[in-house]
Amino acid sequence: MSEPRKSGKDLKEAVLRILGEIAPDADLSRLKPDENLREALDIDSMDFLRFASKIEQELGVPVPESDYRKLGTLAACVRYLEAASKIPSSTPAPFGRFVA
Amino acid sequence: MAEFKMPSLGADMAEGVLLGWLKKPGDAVRKGEIIAEVETDKGVIQVESFAAGTIDRLLVEPGTATPVGAPLAIIREDGGGGAKPAPAKPAVPPSARRPAADQGEKSDRMRRAIAASMEHSKREIPHYYVSETIDMKAAMDWLSEHNAALPVAERLIYGALLLKGVALALRDYPELNASWKDGRAVLFPSIHVGAAIALRPSGLVAPALKNADKQSLSELMLNFKGLVERAKSESLRASELSDATVTVTSLGERGAESAFAVIVPPQSAIVGFGRIIEKPWVVDGHVVARPLVTATLAGDHRVSDAHRGGLFLRAVSRLLRNPAAL
């Protein structure tokens, strides 16, 4: 049985929670939807790798390296994850299902 | 009998505060096993035993400030044969004893530790600097291809290539993997690359990737990730903070074009990488856009000369332009 799809609000909260783990000192309440995440949160390449890894582990969405640029802002992350959730669960990689 | 002592994490560390013991008298210890947690100006560290045997006596109570080199415990050495198995539960949980140092206080202490080390370096070490611009196209293309088929957990970042390139090049330039001691250069027997890691909200540590020249890129990346995780969770080991023989600092994708770094005593060289920038570059007589990075070596002029330093950077460049060989 497939998991229910997450709403945009749920996805935004999930992304913010993961960002909070990557950048615990950042004030995420001030993060604007279209702000560059790396700039706003001082995220380096190792942080971003952890971010992509947590998205895969916690939300069940594999992120190919070629898609990193699609995760540049909070709004873009939510769009990317929404698109991934619309792919049927039987569809193989690159997108998986939400399990969180 | 062997003394288990308060470790030194640098020439400027005077003391540490024992936070807690992970062993009690009568417990077996292996060489390299973590047996205590200590708070220092560089954060909380885990301290390993350099002897195998049985804990005979604990000499210091948790919460006690102890000078570097002072004995903390006595270990009865038994050659590793007759010791009892280690208990599953810590004797005195370190977390229960941890002083309530707030983040501001920790940041202040770390800043003072960095200040002391850098003052020492600039006062004692005559730095010279040489730079080399490196074409990173082959490295970045190789990296994209390598990572494309891998899950996130197994992917490399370009910083791993920089670390490996420096480590391999040092094999041919041992005078850069050395220390100035008692009026002469002393070569380190192994290449332990310190990877500079920025901490949040501020601070810096450079724990060692031991024998970095002998690790595959995958091993190096795994160990690098482990160091970053432990640095951020304040669980680095004492040996990781004291064993680096050379340091690499990379300013990352959003940093400046070049990094003129300060040598970390007692080392005699540090390599700084700026951010990768796409710029015009001449290839086979044609101007093309290429991703370029500036590598800058700061060397101790008592130990090495700029000519050899420059040749070393050319060697790093050659390696990064042939990433399959890393």
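Above this text is the structure in question.
**Student:** Give a description of helix α4 (residues 74-86) of chain A that names residues and reports values.
**Tutor:** Residue and element names in this part refer to chain A. Helix length check: α4, at 13 residues, gives a terminal C-alpha distance of 19 Å against a target of 18 Å (1.5 Å per residue), a fit within 8%. All of the buried residues along α4 are Leu74, Cys77, Val78, Tyr80, Leu81, Ala84 and Ser85. Looking down the long axis of α4, one finds its buried residues gathered within 160 degrees of arc, a one-sided arrangement. Away from its buried face by more than 90 degrees, α4 exposes Ala83 and Lys86. On the buried face of α4, the contacting elements are α1 (8-22), α2 (37-41) and α3 (45-59).

**Student:** Describe the pairing of strand β8 (residues 71-77) of chain B, naming the residues involved and giving the relevant values.
**Tutor:** Residues and elements named next belong to chain B. One ladder, built from four bridges, connects strand β1 (residues 2-5) with β8; its direction is antiparallel. From the neighbouring strand, Glu3 faces β8, where its bridge partner is Ile74. As defined by bridge partners, strand β6 (residues 53-58) adjoins β8 across five bridges and the pair is classed as antiparallel. By the bridge assignment, Leu58 is partnered in β8 with Ala73.

**Student:** Explain the nonpolar core to me, and be specific about the residues and the numbers.
**Tutor:** Residues and elements named next belong to chain B. In terms of nonpolar packing, the biggest core is built from 106 residues, with Leu163, Val166, Val193, Ala195, Leu209 and Phe224 touching the most fellow members. Tallying contributions element by element places helix α4 (residues 158-170) first for this core, with nine residues. Both domains that furnish three or more residues to this core are identified here as domain 1 (2-100) and domain 2 (113-325). In contact with Ala195, other than residues within four places in its own chain, are Leu163, Ala206, Pro207, Leu209, Phe224, Leu227 and Val248.

**Student:** I'd like to hear about the interface of chain B and chain A, residue by residue, with values.
**Tutor:** Opposite the 15 residues of chain B that make contact, chain A presents 17 residues. Element by element, the count of residues in the side of chain B that touches chain A is highest for helix α3 (residues 137-148) of chain B, at three residues. A per-class count over the side of chain B that touches chain A returns seven nonpolar, four polar and four charged.

**Student:** Tell me about the sheet that holds β6 of chain B, residues and numbers included.
**Tutor:** Residue and element names in this part refer to chain B. Spatially, β1-β8-β6-β3 is the arrangement adopted by the four strands of the open sheet, whose pairing is antiparallel. Every interior strand has two partners, whereas the edge strands, β1 and β3 (28-29), have only one. Two elements, β3 and β6, share two bridges in a ladder whose sense is antiparallel. The residue bridging Val29 from the neighbouring strand is Gly53, located in β6.

**Student:** Which residues make up the sheet that holds strand β2 (residues 15-21) of chain B, and what values do they have?
**Tutor:** Residue and element names in this part refer to chain B. Taken in spatial order, the five strands line up as β7-β2-β4-β5-β16 in an open sheet, and their pairing is mixed. Two strands lie at the open edges of the sheet, namely β7 (65-67) and β16 (236-237), each paired on one side alone. Across four bridges, β2 lies against strand β4 (residues 34-40) in antiparallel orientation. What sits directly across from Leu18, in β4, is Val38.

**Student:** How would you summarise the packing of α4 of chain B against helix α5 (residues 217-232) of chain B if you had to cite specific residues and measurements?
**Tutor:** All names here are of chain B. Between α4 and α5, the least distance of the axes is 10 Å, while the angle of their chain directions is 115 degrees. In terms of orientation, α4 lies roughly perpendicular with respect to α5. Relative to α5, the crossing made by α4 is right-handed. Facing α4, whose interface residues are Ala160, Leu163 and Lys164, α5 presents Leu217, Leu220, Met221 and Phe224.

Quick notes on the rules
- Residues take numbers from 1 onward in each chain, read along the sequence in its written order.
- Key to labels: chains lettered from A, ligands numbered from 1, both in the order written.
- Confidence filtering applies because this is a predicted model: local features only for residues at pLDDT of at least 70, side-chain atom pairs given and counted only at 80 or more, and all residues used for totals across whole chains, interfaces and linings.
- Strands are runs of DSSP state E lasting at least two residues, helices are runs of H or I lasting at least four, and both sets are numbered from the N terminus onward.
- Expected span of a helix: the number of residues minus one, times 1.5 Å.
- Any residue with 12 or fewer other C-beta atoms within 10 Å of its own C-beta is exposed, any with 20 or more is buried, and the rest are partly exposed; the C-beta atoms used are placed from the backbone.
- When we speak of the arc, we mean the arc of directions from the helix axis to the C-beta atoms.
- Contact between residues is assigned whenever the C-beta positions, reconstructed from backbone atoms, fall within 7 Å.
- Any two strands are treated as partners once DSSP identifies two or more bridges connecting them.
- Nonpolar cores are built from buried Ala, Val, Leu, Ile, Met, Phe, Trp, Tyr and Cys residues. These are joined into a set through C-beta atoms within 7 Å.
- Each domain span listed reflects an automatic or database assignment of domains.
- Residue polarity is assigned by list, with Asp, Glu, Lys and Arg as charged and Ala, Val, Leu, Ile, Met, Phe, Trp, Tyr, Cys and Pro as nonpolar; anything else, Gly included, falls into the polar class.
- Fitting a line to C-alpha atoms yields each axis, with helices limited to the stretch in contact; the angle taken between N-to-C directions then spans 0 to 180 degrees.
- Small angles under 35 degrees read as roughly parallel and large ones over 145 as roughly antiparallel, with 65 to 115 read as roughly perpendicular and the rest as oblique.
- Two helices crossing with the near one rotated counterclockwise from the far one by less than a right angle form a left-handed crossing, whereas a clockwise rotation gives a right-handed crossing.

Keep in mind these numbers describe shape, not what the thing actually does.
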